[in-house]
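Tertiary structure, described
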Amino acid sequence: MTLIVCESLVRIYQTGPVEVQALQGLDLVVEKGEMIAVVGASGSGKSTLLSILAGVDAPTAGRAHVEQWDLLAMSRADRVRYRRHTVGFVRQQTASNLIPYLTARQMVDLPMTAARTSAGERRKRSAELLEALGVSAYADRKPGQLSGGQQMRVAIAVALANQPHVLLADEPTGELDTATSAEVFGALRDVNRDLGVTVVVVTHDPAVSGQVERTVAIRDGRTSSEVLRRTATADDGGTHVIAEEYAVMDRAGRIQVPRDYREALALTRRVRLALEPDHITIRPDA
Ligand SMILES: Nc1ncnc2c1ncn2[C@@H]1O[C@H](COP(=O)(O)OP(=O)(O)OP(=O)(O)O)[C@@H](O)[C@H]1O
């Protein structure tokens, strides 16, 4: 079942006379239960995409659906409901997800109180979530008494408090060392596998993106390529991961030819296309 669909998604920021096209016709499909990584250079539009999916920011044009919700046509009340129940959002700076004067348990409790969950249910669920994320021993500590990795795990537990179907995490390992970031990423994978939550993670970290089955690359506000990974078994019984890169084609048939391919063959404005029985060739115009 398809959970997230973005088609030709556009987000333009206007600051005074300056217009920034953060998303320039982005296409993305995510199936229920998937865990994907979104990668791309700084400024390519990753955070913008995540804020739109989180219902925090609104697209300028195009189509964006998450479950039954049309993100371009939501009323203010729908948006509150959507943010409370459908998606959980872990923001880029760890500290912005946490409240300095509350304990981990109180922070996980807060979104459930807003959703009018009963006290008994809140107690039960916050204990389960802190346990699932391996931070139950720190339930009574405040953010200042937790390490970076523990803070991030608590932030993930807070995002999952109202049992959302989708978890969006913006650079969850950006501020952590390699060992801690592997642990936090492991926690996200557990959440995906054990709770069945669909996970979309924005990351700069190749070690992180190498651990998910699907990585979507964004370039200049568009999805440019996808890497799919699968585990293959060799003749000797050993297993290894095969990663294959695909270009992404939009509904109008547009694809981005990677820059190194263009440069290698000096492809510029015009190219020759030819249809062969089972493939298409692209040649320089000369
Ligand atoms: N609120 C805003 N107002 C104006 N421009 C913005 C705003 N938010 C983002 N932008 C611009 O939109 C573009 C995409 O930004 P975005 O933060 O989505 O990229 P990113 O890929 O997440 O980058 P990073 O990895 O550095 O976080 C950038 O050029 C950025 O300067």
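Residues numbered from 1 in each chain as written. Predicted model: local features only at pLDDT ≥ 70, side-chain atom pairs only at ≥ 80, totals over all residues. Heavy atoms only, no water.

Going by what an unreviewed UniProt entry lists, the protein chain is known as ABC transporter ATP-binding protein and is assigned to Paractinoplanes pyxinae.

One can read the domain layout of the protein chain as domain 1 (2–98 + 162–254) and domain 2 (256–286). Here the C-alpha centre of domain 2 lies 30 Å away from the C-alpha centre of domain 1. (Domains from an automatic or database assignment.)

Okay, helix α2 (residues 76–86) next. Inspection of α2 places Arg-79, Tyr-82 and Thr-86 among the buried residues, and these make up the whole buried set. All buried residues of α2 fall inside an arc of 85° around its axis, so they share one side. Here the buried face of α2 lies against α1 (46–53), β4 (61–66), β5 (69–70), β6 (87–90) and β7 (166–170). (Buried < 20%, exposed > 50% of the residue type's maximum accessible area, 1.4 Å probe, protein only. Helix = DSSP H or I, 4+ residues; strand = E, 2+ residues; numbered from the N terminus. Arc of directions from axis to C-beta. Contact = heavy atoms within 4.5 Å.)

Once that is clear, we can look at the sheet that holds strand β3 (residues 35–39). The pairing of strands in a sheet comes from backbone hydrogen bonds and takes either a parallel or an antiparallel form. Taken together, 7 strands build an open sheet; the order of strands is β6-β7-β8-β3-β9-β10-β11 and the sheet is mixed. Of all the strands in the sheet, just β6 and β11 (239–247) have a single pairing partner and so form its edges. Taking each pair of neighbouring strands and ignoring which way they run, the sheet shows an average axis angle of 20°. Sheet topology places β3 next to strand β9 (residues 214–219); 4 bridges connect them, and they run parallel. When the sheet's bridge partners are listed, Ala-37 is paired in β9 with Thr-215. Set on the sheet, α1 makes contact with β3, β6, β7, β8 (198–202) and β9; between it and β7 the angle comes to about 150°. On top of the sheet, helix α5 (residues 148–159) reaches β6 and β7; it is set at about 160° to β6, its chief contact. (Pairing = 2+ DSSP bridges. Axes fitted to C-alpha atoms, helices over the stretch in contact; angles between N-to-C directions.)

Residues annotated in UniProt with the feature "domain: ABC transporter" (unreviewed entry) correspond here to residues 4–245. For residues 4–245, helix accounts for 32% and strand for 32%, while the C-alpha atoms at its two ends are 21 Å apart. (UniProt positions renumbered as here; feature names shortened; annotations may be inferred.)

Turning to the pattern of salt bridges, a few remarks are in order. Taken as a whole, this structure holds 15 salt bridges when the rule is applied. For the salt bridge of Glu-128 with Lys-124, the shortest nitrogen-to-oxygen distance reads 3.6 Å. In this pair, Glu-128 and Lys-124 both sit in helix α4 (residues 119–132), 4 residues apart, roughly one turn of the helix. Close ionic contact of Arg-230 with Glu-244 constitutes a salt bridge, the shortest N to O distance being 3.7 Å. Of the two residues, Arg-230 is situated in strand β10 (residues 222–233) and Glu-244 in strand β11; the sequence distance between them amounts to 14 residues. What you see here is one network of salt bridges that share partners, running through Glu-34, Arg-214 and Glu-226. (Salt bridge = Lys/Arg side-chain N within 4 Å of Asp/Glu carboxyl O.)

A few words now on the pairing of β11. Sheet topology note: the β10/β11 ladder contains 9 bridges and is antiparallel. Its bridge partner lying in β11, Thr-231 is registered against Val-241. The loop that links β10 with its antiparallel partner β11 comprises 5 residues; one of these, Gly-237, has a positive phi angle of about 90°.

Here we come to the UniProt feature "domain: SpoVT-AbrB" (unreviewed entry) in the protein chain. What UniProt calls "domain: SpoVT-AbrB" (unreviewed entry) maps, in this numbering, to residues 244–286. Counted over residues 244–286, helix gives 14% and strand 33%. Its end C-alpha atoms are 31 Å apart.

All right, on to the environment of Ala-169 then. Among the structural elements, Ala-169 can be located in strand β7. In sequence terms Ala-169 and Thr-231 are 62 residues apart; their C-alpha atoms lie 25 Å from each other. When residues no more than four places from it in sequence are discounted, the contact partners of Ala-169 are Leu-50, Val-90, Val-200, Val-201 and Val-202.

Our focus in this paragraph is unusual backbone geometry. The residue Glu-67 is not glycine, and still its phi comes out positive at about 50°. When you line up the elements, Glu-67 lands in the loop between β4 and β5. Despite not being glycine, Gln-163 shows a phi value in the positive range, around 55°. Take Gln-163: it is sitting in the loop between α5 and β7.

What follows concerns the confidence of the model for the protein chain. Averaged over all residues, the pLDDT of the protein chain is 90; the fraction at 70 or higher stands at 100%. Confidence, expressed as mean pLDDT per element, reaches its minimum in the protein chain at helix α7 (residues 206–209) with 74 and its maximum at β7 with 96. (pLDDT = per-residue confidence, 0-100.)

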